[in-house]
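Examination of the molecular architecture
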Amino acid sequence: MAERPEDLNLPNAVITRIIKEALPDGVNVSKEARRAISQAASVFVLYATSCANNFAMKAKRKTLNAGDVLAAMEEMEFERFLEPLREALEVYKKDQKGKKEVSEQKRKDKEKKVDSGNEKSREDEEGEEEEEEEQQCMEEEPEEEPEEEEVEN
Amino acid sequence: MAAAVEAPVPAEQDSALCGSEGETRGAEVEEKSQPQTGSTGPAVSHSRLSKLPLARIKALMKTDPDVSLASQESVFIIAKATELFVEMIAKDALVYAQQGKRKTLQRKDLDNAIEAVDEFAFLEGTLD
């Protein structure tokens, strides 16, 4: 499944929608223009990624973070993007927090169900294995969080 | 030979990005649960989040051999920036279409915009 950069395109339907919402009603876009814009968007992603990665490497970090991308935008002379991007990032962060809480809730609910199931039918090894797996999942979560905190800095 | 070279690279990237992939799985699980809580939930979040699929953006980023790890936030910001970029280039190209008294954006309008606008200089020579 290894793809060349040129082979990976962004979905045409989404690109078309973004273009149409940006332009006034009554304006059409030729297929070739749409294709070229889609290609340009892919090139943009690669260029932005490369630029952002330079900032990460300068800071001796192996993980690209949001700050690197924002710095890249400035370097690429797309300062006009900075404010809307920062706003979008805040909304995204809040959204992710909410999602984490919900998924944690779901895991807790699952644990309760598994426990009640263990008492009734599943005993011995199967139940213990499931509990161990869930405990491992729980252990993974706290490990992920500190990584995120470092990344956000 | 190509396969032998490519094999270790995806493995590293997969393990490196497994954390973020796990998070996206969590996000997918959450999206399924949203309809249960309320119908207005998905509408609000989709209008604010990126329209471009983060998985595809991430796949594009991974083609860069120098990139090892990318936080989920960085993938999101690049997706959002790409959206803004598409809007910008479409609008700039439209100016040339209107100069030609056309209501249809054509490839040459895009070429003109790329030539004229400094920020698009990186695109020169990259499009078919």
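Residues numbered from 1 in each chain as written. Chains lettered and ligands numbered in written order. Predicted model: local features only at pLDDT ≥ 70, side-chain atom pairs only at ≥ 80, totals over all residues. Heavy atoms only, no water.

Under the annotation held in an unreviewed UniProt entry, chain B carries the name DNA polymerase epsilon subunit 4 and is attributed to Characodon lateralis. Recorded in UniProt for chain B, the comment headed Subcellular location (unreviewed entry) runs: "Nucleus". (UniProt positions renumbered as here; feature names shortened; annotations may be inferred.)

An unreviewed UniProt entry lists chain A under the name DNA polymerase epsilon subunit 3, from Characodon lateralis. You can read under Subcellular location (unreviewed entry) in the UniProt record for chain A the words "Nucleus".

All names here are of chain B. The terminal C-alpha atoms of helix H6 (residues 72–99) lie 42 Å apart, and with 28 residues this matches the ideal 40 Å at 1.5 Å per residue to within 8%. Where burial is concerned, most of H6 is hidden: 21 out of the 28 residues are buried. One or two steps after H6, the chain reaches Lys101, where phi turns positive at roughly 55°. (Helix = DSSP H or I, 4+ residues; strand = E, 2+ residues; numbered from the N terminus. Expected span 1.5 Å × (residues − 1). Buried < 20%, exposed > 50% of the residue type's maximum accessible area, 1.4 Å probe, protein only.)

Counting residues at the interface gives 68 residues for chain A and 61 residues for chain B. Around 5800 Å² of area is buried between chain A and chain B when both sides are counted, 74% of it from carbon and sulfur atoms. A per-residue breakdown of the area chain A buries against chain B is headed by Ile18(A), Tyr92(A) and Lys99(A), which together make up 11% of the total. Counting across the chain A and chain B interface gives three salt bridges. Across the pair Glu119(B) and Arg80(A) runs a salt bridge whose closest N-O atoms are separated by 3.5 Å. For the pair chain A and chain B, the number of links is 15 residue pairs in polar contact (both at pLDDT 80 or more). Of the residues that constitute the side of chain A that touches chain B, the class distribution is 41 nonpolar, twelve polar and 15 charged. In the sheet, strand S1 (residues 28–29) of chain A pairs with strand S2 (residues 104–105) of chain B via two bridges, with the strands oriented parallel. Counted as the bridge partner of Val29(A) is Leu105(B) from S2(B). (Contact = heavy atoms within 4.5 Å. Buried area = accessible area lost by both parts, 1.4 Å probe. Salt bridge = Lys/Arg side-chain N within 4 Å of Asp/Glu carboxyl O. Polar contact = N/O pair within 3.5 Å; in protein donor to acceptor, adjacent residues only side chain to side chain. Nonpolar A, V, L, I, M, F, W, Y, C, P; charged D, E, K, R; others polar. Pairing = 2+ DSSP bridges.)

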